[in-house]
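Here's the letter readout for the chains.
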Amino acid sequence: MREKVDAEVLRKFMEAIGRSGRTGARIYLVGGATAVLFGWRATTIDVDIKLVPEVNDILRTLPELKEQLNINIELASPDDFIPALPGWEERSSFVRREGTIDFFHYDFYGQALAKIERGHSTDLRDVHEMIGRGLIEPARLLELFSRIEDQLYKYPAIDAKSFRKAVEAFIQSLASN
């Protein structure tokens, strides 16, 4: 079983990736990594990332890092599960630079919608934290959902009507709190 990932392990992960990448790239941190770096969770079970472009030097390093740090590393981001939101790259928040690699938090709106779609209690708590910390605004969340709604057919595991209801219910629940 792999170790849980805390902020110190994430720092070591980013430094090691920075040493391995000879070509410039962006790595977008997703989910639990974002929660740990912002401090609303102490640990996460894995490091989910999106690598742009997919640089072979970095991809070859990931299995080695997984063993060295005894952590789970996944190439997974919201746009693997829901359509990419327009402007997601511009809304992604810079974390740090290591070597030639720039680290970002993947667009908080994309993360939030993917978490609402999945519906796990930890995911919904994360979305509440994003709102509470001013990282996302509920009205903008619904607007961005509306901009991808007509693309949901490309994701057959998603029921578009249920997803819309989940987003609306989540936003309505904020008003009652």
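The following paragraphs examine the structure supplied in this document. (Residues numbered from 1 in each chain as written. Predicted model: local features only at pLDDT ≥ 70, side-chain atom pairs only at ≥ 80, totals over all residues. Heavy atoms only, no water.)

Structural notes on the overall build of the protein chain
Stage number 1. A tally of helices and strands in the protein chain yields eight helices and five strands.
Stage number 2. In the protein chain, the order of α-helices and β-strands from amino to carboxyl end is α-β-α-β-α-β-α-β-β-α-α-α-α.
Stage number 3. For the protein chain, the C-alpha radius of gyration of 16 Å lies close to 16 Å, the compact-globule estimate for 177 residues.
Stage number 4. The C-alpha extent of the protein chain, read off along each of the three principal axes, is 45 × 30 × 30 Å.
Stage number 5. Across the 177 residues that make up the protein chain, the buried fraction comes to 45%.
Stage number 6. Sequence-distant contacts in the protein chain: of pairs separated by 6 or more residues, those separated by 24 or more amount to 72%. (Helix = DSSP H or I, 4+ residues; strand = E, 2+ residues; numbered from the N terminus. Rg over C-alpha atoms; globule rule 2.2 N^0.38 Å. Buried < 20%, exposed > 50% of the residue type's maximum accessible area, 1.4 Å probe, protein only. Contact = heavy atoms within 4.5 Å.)

Remarks on the pairing of strand S3 (residues 72-75)
Stage number 1. Here strand S2 (residues 46-52) runs beside S3; their pairing, made up of four bridges, is parallel. Residue pairing for S3: Asp 46 is matched across the bridge by Asn 72.
Stage number 2. Following the chain from S2 across helix H3 (residues 56-69) to the adjacent parallel S3, one finds a crossover that is right-handed. (Pairing = 2+ DSSP bridges. Right-handed = clockwise from strand over helix to strand, strands pointing away.)

Brief notes about the environment of Ala 157
Stage number 1. Residue placement: Ala 157 occurs in the loop between helix H7 (138-148) and helix H8 (160-175).
Stage number 2. The sequence separation of Ala 157 and Glu 137 amounts to 20 residues, and the corresponding C-alpha distance is 27 Å.

Details of the pattern of salt bridges
Stage number 1. This model, assessed by the stated rule, comprises 15 salt bridges.
Stage number 2. With a closest N to O distance of 2.6 Å, Arg 118 and Asp 123 form a salt bridge. (Salt bridge = Lys/Arg side-chain N within 4 Å of Asp/Glu carboxyl O.)

Regarding the packing of aromatic side chains
Stage number 1. Tallying each qualifying case throughout the model produces eight aromatic pairs.
Stage number 2. A centroid spacing of 4.6 Å and a plane angle of 15 degrees characterise the contact between Trp 88 and Tyr 106, whose relative ring orientation is stacked. Here the residue Trp 88 occupies a position in helix H4 (residues 88-91), and Tyr 106 occupies one in the loop between strand S5 (101-105) and helix H5 (108-118), the gap between them amounting to 18 residues. Each of the two residues, Trp 88 as well as Tyr 106, counts as buried.
Stage number 3. By the ring-pair criterion, three or more aromatic residues cluster together here, those being Tyr 28, Trp 88, Phe 94, Phe 104 and Tyr 106. (Phe/Tyr/Trp six-rings, centres within 6.5 Å; stacked < 30°, edge-to-face > 60°.)

Description of the environment of Arg 60
Stage number 1. Checked against the element boundaries, Arg 60 lands in helix H3.
Stage number 2. Overall, Arg 60 belongs to the exposed group, its relative accessible area being 61%.
Stage number 3. Sequence spacing of Arg 60 and Ser 20 is 40 residues, and the spatial spacing of their C-alpha atoms is 9.1 Å.

Digging into the packing of H5 against helix H6 (residues 121-132)
Stage number 1. Relative orientation of the contacting elements H5 and H6 amounts to 150 degrees, with a least axis distance of 8 Å. If you check the angle between H5 and H6, you find them roughly antiparallel. The way H5 lies across H6 gives a crossing that is left-handed. Contacts between H5 and H6 involve Phe 108, Gln 111, Ala 112, Lys 115, Ile 116 and Arg 118 on the former and, on the latter, Asp 123, Leu 124, Asp 126, Val 127 and Met 130.
Stage number 2. Tallied by class, the residues present in the contact of H5 with H6 amount to six nonpolar, one polar and four charged. (Axes fitted to C-alpha atoms, helices over the stretch in contact; angles between N-to-C directions. Parallel < 35°, antiparallel > 145°, perpendicular 65-115°, else oblique. Left-handed = near helix turned anticlockwise from the far one by under 90°. Nonpolar A, V, L, I, M, F, W, Y, C, P; charged D, E, K, R; others polar.)

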